[in-house]
Amino acid sequence: MDYYKENREKKLESRKSMTDTPTTPLLANSYQNHNRHFYFNRFNSFPNSAVEMTTTAPPKHLRSVFLGVDVGTGSARAGLFNEEGKLLGSASSPIQIWKDGDCVEQSSTDIWLAICTAVKTACSLGNVSKEEVKGLGFAATCSLVAVDSEGEPVTVSWSGDTRRNIIVWMDHRAVKQAERINASNSPVLQYCGGGVSPEMEPPKLLWVKENLQESWSMAFRWMDLSDWLTYKATGDDTRSLCTTVCKWTYLGHAHMQQINEKDSRDMEACGWDDEFWEEIGLGDLVDGHHAKIGRSVAFPGHALGSGLTLDAAKELGLMAGTPVGTALIDAHAGGIGVMESVPASDSESIVDEDAISRRMVLVCGTSTCHMAVSRTKLFIPGVWGPFWSAMVPEYWLAEGGQSATGALLDYIIENHVASPHLANRAASRRISIFDLLNEILESMKQDEGSQFISALTKDLHILPDFHGNRSPIADPKSKGMISGLTLDTSEKQLALLYLATVQGIAYGTRHIVEHCNANGHKIDTLLACGGLAKNRLFVQEHADIIGYPIILPRENESVLLGASILGAVASKKYSTVREAMKAMNAAGQVVYPSKDPKVKKYHDAKYSIFRELYVQQQKHRSLMTEALS
């Protein structure tokens, strides 16, 4: 079948028809779907947590409400917040995802329809009228969108299916292209931790050019998903400094002397390195003043165009002209939504404006991103950045990450023989499977007379690089390792695997924190948000292993809050992103590391084993390469 000549109407067929595809997609369900909405339910181990909140009485007057939209890996979510950052209502709608080996794809048409559903439902649940929504902000995964000159989808799939016009962030089809790009030794690579990842956009673009020539010719715009959303909403093609700097090798600091955030306007894109694009074989993207990848850029939260277009407003159920802010990548929105969430007693005593530079935000979901900012640029091998104004305007951002955290826990649990029975037990009690596993571990601690829960895994060690190592080793070929398996298939053994995986993820975060501090950062406080942050065991293990207190936000929906902050800035309610953060961020519980020296000694020993596992893997890889040479 020639998909390129399909009727335009077929491109826009309903989301229902999207499920009728020859390739079996990963569909949303209550246990297997990797999206934040379900993570928030499943990881929820703290009291009084809820995905959806509603007001009980109708508003007596028009409020100032700000709407945040977040497109995650498996769902589109919408949240409404007041001027103080309190959640009024939220809703989620699943989105389609296709996975064929290393190729992971989505549909921009499907995503927009899901957003419209989520926004309308959130407004209904929160009892918010369209007149009350004063500003709108978008956040999304750093996925690559292809559209033609009419804004219609252009396929990025081997299947040729035009619905599949998004290469999802986790897609690893472009590993070889990333390796070739990194061999160029371009100066721009020093701002990517020394090299691009296959999860970034240049390798994916190069893959399409080399493998899908017709799609390459048809594509009129290549956009990060966040930028496509604001373009769809406003008709303004201005790109975000967040997306372009973090995922496209744009040099945001080219604007340092040109403009500051308070004087924000559309800025001509002068941060592209044309020699880089020519050298890697994508020189045609330089044509037309970079028209296909971005001719203008703006700070996060900059008001775009004339706000919502008539068509977009009608589809979303909002007012035309509602201000829309330049977008953020979802993890970065989480950073904006939580980084100023310090307890009142601390904020009152802190007079140093740069206290923010001593914090790191963990945005924990399908993957985990580690966000830290500084006034000066710090080059950290294996950590993305430094990115100027990519999250907090006029600050440099360092971005570490783990490509599989929530997804890894799902994998470990789902592939164990005891999983179905355990899931049924959890469902019968209406608790998450993680709550039940945490209970089993507590019971095992009592039965075995263990000094503390962590000690249960003394014979079980996990390297969590099941989807490669993003930071700080930056090795996409790294593999996961488990040391200490037995023939035991019981629920207790599954609980131990779960605990060891949580610990492996925490040791990975410790490695990132130590690496950042060794290269100029002075991080001493962590803030955590996202689905995994609702799991008490997950947070406590991180605090114990890293040795720092972890602040949790007052509002569970930190990514949505961060997106709404962009709308608040676009509406001019707040003059800067930082001002909005201080007004709308708020702290909740603080989790402190154990004071028991035995706990520290234990984790120090396990951490050394964690570090040795990768060294062993390198030796094994070298031996096998030599054997096959």
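Residue numbering note: each chain is counted from 1, following its sequence as written. For this predicted model, a pLDDT threshold of at least 70 governs which residues receive local features, and a threshold of 80 or more governs which side-chain atom pairs are given and counted, while totals over whole chains, interfaces and linings are taken from all residues. For the side-chain quantities, the full set of heavy atoms in the structure was used; hydrogens and water were omitted.

Identification of the chain as FGGY carbohydrate kinase domain-containing protein from Nicotiana attenuata is taken from an unreviewed UniProt entry. Under the Sequence similarities (unreviewed entry) heading, UniProt states for the chain: "Belongs to the FGGY kinase family." UniProt positions are given in the numbering used here, feature names are shortened, and annotations may be inferred rather than shown by experiment.

A.B. asks: Explain the packing of helix α4 (residues 108-125) against helix α8 (residues 225-234) here, please?
C.D. replies: Geometrically, a packed helix pair is captured by the angle between its two axes and the distance between the axes. In contact at an axis separation of 12 Å, α4 and α8 are set at 65° when each is read in the N-to-C sense. In the crossing of α4 with α8, the sense of the turn from one axis to the other is right-handed. Counting all contacts with α4, which are made through Ser108, Ile111, Trp112 and Ile115, the residues of α8 involved are Leu225, Trp228, Leu229, Lys232 and Ala233. Under this grouping Gly is polar, as are all residues other than the nonpolar Ala, Val, Leu, Ile, Met, Phe, Trp, Tyr, Cys and Pro and the charged Asp, Glu, Lys and Arg. Residues that form the contact of α4 with α8 fall into these classes: seven nonpolar, one polar and one charged. Whenever a helix is involved, its axis is fitted only over the stretch in contact; in every case the axis is a line through C-alpha atoms, and angles between N-to-C directions fall within 0 to 180 degrees. Helix and strand assignments come from DSSP, with helices taken as H or I runs of at least 4 residues and strands as E runs of at least 2, each series counted from the N terminus. Each helix crossing is assigned a hand: it is left-handed if the near helix lies turned anticlockwise from the far helix by less than a right angle, otherwise right-handed if that turn is clockwise. Contacts are residue-level and defined by heavy atoms, with any inter-residue pair within 4.5 Å sufficient.

A.B. asks: Is there a simple way to think about a nonpolar patch on the surface in this case?
C.D. replies: A cluster of nonpolar side chains, Tyr411, Phe466, Ile482 and Leu485, forms an exposed patch at the surface whose accessible area comes to about 360 Å². Inspection of the secondary structure assignment puts Phe466 in the loop between β18 (461-463) and β19 (481-483). Relative accessibility decides the category of a residue: with a 1.4 Å probe and only protein chains considered, values under 20% of the type maximum give buried, values over 50% give exposed, and everything between is partly exposed. Judged by its relative accessible area of 31%, Phe466 falls in the partly exposed class. Note that patches include only residues with greater than 30% relative accessible area and no salt bridge, and the join distances are 9 Å for like charges and 5 Å for nonpolar side chains (Val, Leu, Ile, Met, Phe, Trp, Tyr). Only the protein chains shown count as cover for residues, with accessible areas throughout obtained via the Shrake-Rupley method and a probe of 1.4 Å. For this document, the term salt bridge refers to a Lys or Arg side-chain nitrogen within 4 Å of an Asp or Glu carboxyl oxygen.

A.B. asks: Help me understand the packing of aromatic side chains, please; the structure alone is not making it clear to me.
C.D. replies: Working definition: an aromatic ring pair is given by the centre-to-centre distance plus the angle between the planes. Between 30 and 60 degrees the pair is tilted, below 30 it is stacked and above 60 it is edge-to-face, where a pair is any two Phe, Tyr or Trp rings, Trp via its six-membered ring, whose centres lie within 6.5 Å. Tallied over the entire structure, the rule returns 14 aromatic pairs. Ring centres of Trp272 and Trp277 lie 5.8 Å apart, and the angle between their planes is 70°; this geometry places the pair in the edge-to-face category. Across the pair, exposure class does not vary: Trp272 and Trp277 are buried alike. Pairing Phe276 with Trp277 gives two aromatic rings, centres 5.4 Å apart and planes at 70°, and the pair type is edge-to-face. Accessibility expressed as a relative area gives 1% for Phe276, which makes it buried. Overall, the relative accessible area of 0% leaves Trp277 in the buried class. Among the aromatic residues, those joined into a cluster by ring pairs are Tyr250, Trp272, Phe276 and Trp277. Charge-over-ring placement is defined geometrically: NZ (Lys) or CZ (Arg) within 6 Å of the ring centre, and within 35 degrees of the ring normal. The residue whose ring lies beneath Arg173 is Trp207, and the NZ or CZ to ring-centre distance is 4.5 Å. A cation over a ring is seen here: Arg510 above Tyr607, with NZ or CZ 4.1 Å from the ring centre.

A.B. asks: Would you mind showing me how to read the nonpolar core here?
C.D. replies: Taken as a class, soluble globular proteins show a tendency for nonpolar side chains to be buried jointly. Core analysis: the largest hydrophobic core is formed by 89 residues, its most contacted members being Leu205, Trp222, Trp277 and Val392. If one sorts the elements of this core by residue count, helix α20 (residues 558-570) sits on top with eight residues. Aside from chain neighbours lying at most four places away, what touches Trp222 is Leu144, Val145, Ala146, Val156, Leu205, Val208, Trp216, Arg239, Trp248, Leu285, Lys292 and Ile293. In this structure, Met360, Ile380, Ala404 and Ile453 belong to the second largest nonpolar core, which totals 60 residues. Buried residues of nine kinds, namely Ala, Val, Leu, Ile, Met, Phe, Trp, Tyr and Cys, make up a nonpolar core once their side-chain atoms join them within 4.5 Å.

A.B. asks: Can you walk me through the pattern of salt bridges in this structure?
C.D. replies: It is possible for side chains of opposite charge to pair when their charged atoms get near one another. A full pass over the atoms with the stated rule returns 27 salt bridges. Residue Arg470 is joined to Glu199 by a salt bridge in which the shortest nitrogen-to-oxygen separation is 3.0 Å. Here Arg470 is found in the loop between β18 and β19, whereas its partner Glu199 is found in the loop between α5 (175-182) and α6 (201-211), with 271 residues between them in sequence. Note that Arg510 is salt-bridged to Glu514, the shortest N-O span being 2.9 Å. Highlighted residues: Arg510 and Glu514, both in helix α18 (residues 491-518), separated by four residues, approximately one helical turn.

A.B. asks: Sorry if this is basic, but what is going on with helix α15 (residues 406-414) here?
C.D. replies: Because an α-helix packs 3.6 residues into every turn, residues spaced three or four apart end up facing the same way. Counted residue by residue, α15 has seven buried out of nine residues, so it is predominantly covered. Here α15 has its buried residues at Gly406, Ala407, Leu408, Leu409, Asp410, Ile412 and Ile413.

A.B. asks: It is not clear to me how the sheet that holds strand β10 (residues 239-240) should be interpreted in this structure. Could you clarify?
C.D. replies: The strands making up a sheet associate through backbone hydrogen bonding, with each pair oriented either parallel or antiparallel. Ordered by their spatial adjacency, three strands build an open sheet running β10-β12-β11, and the pairing between neighbours is mixed. The open sheet has two edge strands, β10 and β11 (267-268), and neither has a second partner. A strand pair is defined by DSSP finding two or more bridges across the two strands. In terms of strand pairing, β11 meets strand β12 (residues 296-298) through two bridges, oriented antiparallel. By the bridge assignment for β12, Glu268 is matched with Ser296.

A.B. asks: I would appreciate a short explanation of the sheet that holds strand β20 (residues 525-529) in the present structure.
C.D. replies: The mixed open sheet is built from seven strands, whose spatial order is β16-β17-β15-β14-β20-β21-β22. Whereas interior strands pair on both sides, the edge strands pair on one side only; in this sheet they are β16 (384-388) and β22 (587-591). In this sheet, neighbouring strand axes are inclined to one another by 25° on average, regardless of whether the strands run parallel or antiparallel. Pairing analysis gives three bridges linking β16 to strand β17 (residues 396-402), with the strands arranged antiparallel. Note on β17: the bridge partner recorded for Trp384 is Glu399. Running over the sheet, α18 touches β14 (359-364), β15 (368-374), β17 and β20 and is turned about 155° from β17.

A.B. asks: Before we go on, may I ask you to explain α6 in this structure?
C.D. replies: By the criterion of burial, α6 is predominantly enclosed, with eight of the eleven residues buried. Those residues of α6 lying buried are Glu201, Pro202, Pro203, Lys204, Leu205, Leu206, Trp207 and Val208.

A.B. asks: How should I be thinking about the side chain of Arg239 in this particular structure?
C.D. replies: By the element assignment, Arg239 lies in strand β10. Judged by relative accessible area, which is 1%, Arg239 ranks as buried. Definition of a polar contact: a pair of N or O atoms within 3.5 Å, with one able to donate and the other able to accept a hydrogen when the atoms are protein atoms, and with sequence-neighbouring residues admitted only if both atoms are side-chain atoms. Within the structure, Arg239 has its side chain in polar contact with the side chain of Asp237 (distance 3.0 Å).

A.B. asks: What is the right way to read a negative patch on the surface from this model?
C.D. replies: Charge assignment: positive for Lys and Arg, negative for Asp and Glu; neither His nor the chain ends contribute. A charged residue contributes its charge at one atom only: NZ of Lys, CZ of Arg, CG of Asp or CD of Glu. A cluster of like negative charges, contributed by Asp274, Glu275, Glu278, Glu279 and Asp287, occupies part of the molecular surface. Considering every element that reaches the negative patch, the biggest residue donor is helix α10 (residues 274-279), with four residues. Mapped onto the elements of the fold, Asp287 is located in helix α11 (residues 287-290).

A.B. asks: What should I look at first to understand the confidence of the model for the chain in this one?
C.D. replies: Predicted coordinates in areas of low pLDDT are best not read in detail. Confidence of the predictor in every single residue is expressed as pLDDT, which spans 0 to 100. Per-residue pLDDT for the chain has a mean of 90; in total, 88% of the residues score no lower than 70. This stretch, residues 1-57, has a pLDDT under 50; its non-local contacts, to residues over four places away or in other chains, come to 153 contacts.

A.B. asks: Even after reading the chapter, I still don't get the environment of Ala533, so can you show me in this structure?
C.D. replies: Tracing the sequence through the fold places Ala533 in the loop between β20 and α19 (536-546). C-alpha separation for the pair Ala533 and Gly365, spaced 168 residues apart in sequence, amounts to 8.4 Å.

A.B. asks: Help me understand the pairing of strand β2 (residues 75-81), please; the structure alone is not making it clear to me.
C.D. replies: On a regular strand, each side chain points to the face opposite its neighbour's, so the side chains alternate between the two faces of the sheet. Here β2 lies mainly inside the structure; seven of its seven residues are buried. Side chains Ser75, Arg77, Gly79 and Phe81 of β2 all project onto a buried face; the interleaved residues Ala76, Ala78 and Leu80 project onto the opposite face, where all are buried too. When strand β1 (residues 65-71) meets β2, the two strands line up antiparallel, connected through six bridges. Counterpart to Gly68 in the pairing with β2 is Gly79.

A.B. asks: What am I meant to see in the pairing of strand β7 (residues 144-147) here?
C.D. replies: Neither face of β7 is exposed, since Leu144 and Ala146 on one face and Val145 and Val147 on the opposite face are all buried. One ladder, built from two bridges, connects β7 with strand β8 (residues 166-167); its direction is antiparallel. Following the sheet pairing, Leu144 is matched in β8 by Ile167. Note: β7 against strand β9 (residues 221-224), four bridges, orientation antiparallel. By the bridge assignment, Val147 is partnered in β9 with Arg221.

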